[in-house]
Amino acid sequence: MTAQDAPTETTATVSTLDSLQETPAIILGIETSCDETAAAVVSGPSDILSSVVSSQVDLHARYGGVVPEIASRAHVEMLTPVVAQAVIEAGLGDHDVEAVAATAGPGLIGALLVGVSAAKSLALAWDVPFVAVNHLEAHLYSSFLEEPDLELPVVVLLVSGGHTLLVLMEAFGRYRLIGQTLDDAAGEAFDKVARFMDLGYPGGPVIDRLAMTGDSEAVAFPRPMRNDGYDFSFSGLKTAVVNHVRAHPDDDVADIAASFQEAVVDVLVHKARKAAEEFGAKGLCLAGGVAANSSLRERLLDACVAAGISGFLPSRSMCTDNAAMVAAAGWQRLQLDGPSSLEVGADPNLPLPFI
Ligand code: KG4
Ligand code: ZN
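So, here's what we can say about the structure. The structure presented is a predicted model; accordingly, all values stated were derived computationally and were not measured.

## Remarks on the overall build of the protein
Then, in step 1: Within the protein one finds 12 helices and 10 strands.
Then, in step 2: Taking 2.2 N^0.38 as the reference for a compact globule, 355 residues should give roughly 20 Å; the C-alpha atoms of the protein span a radius of gyration of 21 Å, in line with that estimate.
Then, in step 3: Evaluated residue by residue, the protein yields a buried proportion of 51% over its 355 residues.
Then, in step 4: In the protein, of all internal contacts separated by at least 6 residues, the share reaching a separation of at least 24 is 73%.
Then, in step 5: Accessible surface for the protein amounts to roughly 15300 Å². Of this, 52% is attributable to carbon and sulfur atoms.
Then, in step 6: Looking at the protein, you have 20 positive and 46 negative side-chain charges, and the mean spots of the two groups are 9 Å apart.

Structure (structure tokens):
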């Protein structure tokens, strides 16, 4: 339908449009906190018009982990084409973008600076607001992009390469920290175990795949802190795997992968369900790269059914780093706080603002 075909607007429609003008609707999101160069265009809080992700995983694989300097250079090279593709795929021109959001932290400082500088430059050139976004807050919004009507409060289990958090999301912008890892993040444990076993990088997807053909009860690995509050610890589990493999070098690799994964998933799901029940959450959501894990997804949904609460699993592409979640969090931040100052810089240790 063209503008000329549009029916005459009622007063109610006009006032809705007036309020929309206060919060820019079309947000370009930019994500460069680690090893994905991503850009997306999102309309309002959850309508994804485009989402482009250029992964650097092949560049880092030979080093067994992300090399910060290589990541920064690859972001510099890829960001302009990735942004251009996101705007084109959204069916828009540059002048249709109404705000630019970028991940300002936490993450690798050089990598963050590429995205933040680009976002500020675009905001200045297009004369639209700039919004600095917290990467963890962006992960919290990934479920809402695909399920906008999710009822709050929800418990979010945010499991990535750098973080393992249990968060009670009471309202948009209102988060309570329930638990977090005291040492390695869950994804870091997957990556370190895979590296030790020479399985390649990133370790999570490889272990996930291998575990499908292994026996998860072959080795009874420890469940660190399973019945001890809401914090996590994965460093001892990783050491237990290393010690077991050294002592039993001929054990089946798939069995080790499945048994290790089972121990991680068991602890994560047990605590997430307990938190959802204790804090009266209406639902339980997964977020972050480890949320792509097949066993975790299956077991979390089973736990939700058993607890009588709704479970929501974002699609795998929405779990790993992407810019649609950055644009969505940017929209919420614009609603809550308005635009960020151009003085706001990248912060590698930016904390999630908890109440
Ligand atoms: O959220 P993300 O894309 O980047 C960070 O912000 O860290 O998460 C990356 C992490 C890596 O540790 C990777 O091994 C893990 O997510 N991961 C998985 C799976 N896919 C990615 N872990 C377990 N199973 C998977 N299928
Ligand atoms: Zn992430």
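## Here we look at the site of ligand 1
Then, in step 1: Ligand 1 sits among 20 residues. The nearest are Gly 161, Asp 191, Asp 208, Gly 289 and Asn 293.
Then, in step 2: At a separation of 2.8 Å, an oxygen atom of ligand 1 approaches a polar backbone atom of Gly 161.
Then, in step 3: Within the backbone of Val 290, an N or O atom sits 3.5 Å from an oxygen atom of ligand 1.
Then, in step 4: When the free accessible area of ligand 1 is taken as 560 Å², the share hidden by the protein chains comes to 88%.
Then, in step 5: If you list the elements that add at least two residues to the shell around ligand 1, you get α5 (135-146), α6 (186-196) and α7 (203-211).
Then, in step 6: For the shell around ligand 1, a count of residues per class yields 5 nonpolar, 12 polar and 3 charged.
Then, in step 7: Each of domain 1 (17-141 + 321-337) and domain 2 (149-317) contributes no fewer than three residues to the shell around ligand 1.

## Observations concerning the coordination of the zinc ion (ligand 2)
Then, in step 1: At 2.1 to 2.2 Å from the zinc ion (ligand 2) lie its protein donor atoms, namely His 135 (NE2), His 139 (NE2) and Asp 321 (OD).
Then, in step 2: Coordination geometry of the zinc ion (ligand 2): the 4 donor atoms subtend angles of 93 to 150° at the metal centre, consistent with an arrangement described as irregular.
Then, in step 3: All donors to the zinc ion (ligand 2) come from one chain, and their sequence spacing reads H-x3-H-x181-D. Placement of the pair is His 139 in helix α5 and Asp 321 in the loop between α11 (316-319) and α12 (324-337), with a sequence separation of 182 residues.

## Overview of helix α10 (residues 294-307)
Then, in step 1: Compared with an ideal rise of 1.5 Å per residue, which puts 14 residues at 20 Å, α10 spans 20 Å between its outermost C-alpha atoms and is within 8% of the ideal.
Then, in step 2: Among the residues of α10, those classed as buried are Ser 295, Leu 296, Arg 297, Leu 300, Ala 303 and Cys 304.
Then, in step 3: Where the residues of α10 are buried, they touch β6 (154-159), α7, α9 (253-278), β9 (283-287), β10 (310-312) and α11.
Then, in step 4: Two to three positions downstream of the cap, the backbone nitrogen of Ser 295 sits 3.1 Å from a side-chain oxygen, assigning the N-cap of α10 to Asn 293.

## Remarks on the nonpolar core
Then, in step 1: Ranked by internal contacts, the top residues of the largest apolar core, which has 46 residues, are Val 155, Leu 157, Leu 166, Phe 221, Phe 260, Leu 268 and Leu 296.
Then, in step 2: Put simply, the parts of the chain that give this core at least two residues each are β6, β7 (164-171), α6, α8 (235-247), α9, β9 and α10.
Then, in step 3: Core analysis: the next-biggest nonpolar cluster, separate from the first, contains 36 residues, Ile 27, Leu 136, Ala 327 and Leu 334 among them.

## Things to note about the pattern of salt bridges
Then, in step 1: The final tally for this structure, using the stated rule, is 13 salt bridges.
Then, in step 2: Each of Asp 184, Glu 188, Lys 192 and Lys 238 takes part in one network of salt bridges that share partners.

## Brief notes about the sheet that holds β7
Then, in step 1: Taken together, 5 strands build an open sheet; the order of strands is β8-β7-β6-β9-β10 and the sheet is mixed. The open sheet has two edge strands with one neighbour each: β8 (174-180) and β10. When strand polarity is set aside, the average angle formed by the axes of neighbouring strands in this sheet is 20°.
Then, in step 2: Inspection of the sheet shows β7 paired to β8 by 6 bridges, in the antiparallel sense. Along β8, the bridge assignment pairs Met 169 with Tyr 175.

Cut-off values and rules
Residues numbered from 1 in each chain as written. Chains lettered and ligands numbered in written order. Predicted model: local features only at pLDDT ≥ 70, side-chain atom pairs only at ≥ 80, totals over all residues. Heavy atoms only, no water. Helix = DSSP H or I, 4+ residues; strand = E, 2+ residues; numbered from the N terminus. Rg over C-alpha atoms; globule rule 2.2 N^0.38 Å. Buried < 20%, exposed > 50% of the residue type's maximum accessible area, 1.4 Å probe, protein only. Contact = heavy atoms within 4.5 Å. Areas by Shrake-Rupley, 256 points an atom, 1.4 Å probe, with all protein chains shown as cover. Lys, Arg positive; Asp, Glu negative; His and termini not counted. Charge placed at Lys NZ, Arg CZ, Asp CG, Glu CD. Near = heavy atom within 4 Å. Polar contact = N/O pair within 3.5 Å; in protein donor to acceptor, adjacent residues only side chain to side chain. Nonpolar A, V, L, I, M, F, W, Y, C, P; charged D, E, K, R; others polar. Domains from an automatic or database assignment. Donors = N, O, S within 2.8 Å, 3.2 Å for Na, K, Ca; no water. Tetrahedral: all angles 85-135°; square planar, octahedral: opposite > 155°, others 65-115°. Expected span 1.5 Å × (residues − 1). Core = buried A, V, L, I, M, F, W, Y, C linked by side-chain atoms within 4.5 Å. Salt bridge = Lys/Arg side-chain N within 4 Å of Asp/Glu carboxyl O. Pairing = 2+ DSSP bridges. Axes fitted to C-alpha atoms, helices over the stretch in contact; angles between N-to-C directions.

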